[in-house]
Amino acid sequence: MAQINIAKSRATRDSEIMKGFIDRLDEINRVADNSPGFIWRLQTDEGDATTIQAFDDPLLLVNMSVWEDIDSLKSFVYKSLHVELIQDRDAWFKKMRESHQALWWVPEGHLPCVNEAKEKLGYLQANGPSEVAFTFSKSFAPPI
């Protein structure tokens, strides 16, 4: 299962506002990399994705990953150190009016590109959850 998550930062990554988030990235990425069910995450050669410009807006950050199943991703998001970032997100990120996360099933071995993920997020924003793209709260079983 693949996921894209976007967030609108309150300032540039080198600002004092974003320091608390940026300082935790390596730690949180290590937790993800070592989590059960983790397969892959979008990253630069330096090991993080916050410098990848996926959208025209330089303050819009993108995170993508692939997991064995939805429960593995949920466990990482809500039952690991990652939850601390969620609790503090208002300090670093603006509220988004549209869906900011999309999940979708990918064939084994497939690593999605940024454009594929943007298409899935756009589909979810336009059409709501379906087998094409879904959310944690309205998910769909993998295709047979």
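Look above for the structure.
A brief report on the enclosed structure follows. Note that the coordinates shown come from a computational prediction; the quantities given were computed from them, not determined experimentally. Just so you know, the residues in each chain are numbered from 1, in the order the chain's sequence is written. It should be noted that, the model being predicted, local features are given only for residues of pLDDT at least 70 and side-chain atom pairs only at 80 or more, the latter also being counted only at that level, while totals for whole chains, interfaces and linings use all residues. Note that water and hydrogens are dropped before the side-chain values are worked out from all heavy atoms of the structure.

This paragraph deals with the overall build of the chain. A count of helical and extended segments in the chain gives six helices and five strands. Numbered from the N terminus, helices here are DSSP runs of H or I no shorter than four residues, and strands are runs of E no shorter than two. Starting at the N terminus and walking to the C terminus, you meet the elements of the chain as β-α-α-β-β-α-α-α-β-β-α. By its C-alpha atoms, the chain is 50 × 35 × 30 Å across when sized along the principal axes. Relative to its full complement of 144 residues, the chain shows a buried share of 44%. In this scheme, a residue with accessible area under 20% of its type's maximum is buried, one over 50% is exposed, and one in between is partly exposed, where area comes from a 1.4 Å probe on protein chains only.

Residues of helix α3 (residues 70–79) that are buried: I70, S72, L73, F76 and V77. Down the axis of α3, the buried set is contained in an arc of 165°. They therefore lie on one face. Every exposed residue of α3 that faces more than 90 degrees away from the buried side is listed here: D71 and K79. For the purposes of these results, a polar contact is taken to be a pair of N or O atoms within 3.5 Å, where, inside protein, one atom must be able to donate a hydrogen and its partner to accept one; residues adjacent in sequence count only when each atom of the pair is a side-chain atom. N-capping of α3 is provided by D69, with a side-chain oxygen placed 3.2 Å from the backbone N of D71. Arc definition: directions from the helix axis to the C-beta atoms.

Here H82 is to be found in helix α4 (residues 82–87). For H82, the side chain forms a polar contact with the main-chain oxygen of V77, separated by 3.1 Å. Whether two residues are in contact is decided by their heavy atoms, any of which lying within 4.5 Å being enough. Apart from the residues within four sequence positions on either side, H82 is in contact with I28, F76 and V77.

Attention shifts here to the environment of W40. Note on placement: W40 falls in strand β2 (residues 38–41). Between the alpha carbons of W40 and P142 there is a distance of 18 Å; along the sequence they are 102 residues apart. Sequence-distant contacts of W40, that is, excluding residues within four places in its chain, are made with M64, S65, V66, L111 and P112.

Moving on to the side chain of S130. If you trace the backbone, S130 turns up in the segment after α6 (114–127). The exposure class assigned to S130 is buried, which follows from its relative accessible area of 15%. In this structure S130 touches Y123 and F140, once residues within four positions along its chain are discounted.

Attention shifts here to helix α2 (residues 25–33). Along α2, the residues classified as buried are L25, I28, N29 and A32. In a view along the axis of α2, the buried residues occupy a sector of 100°, so they form one face of it. If you follow the buried residues of α2, they end up packed against α1 (19–22), β2, β3 (60–67), α3 and α4.

This part covers the pattern of salt bridges. Think of a salt bridge as a Lys or Arg side-chain nitrogen and an Asp or Glu carboxyl oxygen that are within 4 Å of each other. For the structure on display, the rule yields seven salt bridges. Across the pair R13 and D48 runs a salt bridge whose closest N-O atoms are separated by 3.7 Å. Of this pair, R13 sits in the loop between β1 (2–9) and α1 while D48 sits in the loop between β2 and β3, placing them 35 residues apart in sequence. On the accessibility criterion, R13 (34% relative accessible area) is partly exposed. The partner of K95 in a salt bridge is D90, and the shortest N-O contact between them spans 3.3 Å. When its relative accessible area of 42% is taken as the criterion, D90 is described as partly exposed. Linked by salt bridges that have partners in common, R24, E27 and E84 make up one network.

Nothing here speaks to function; it is all geometry.
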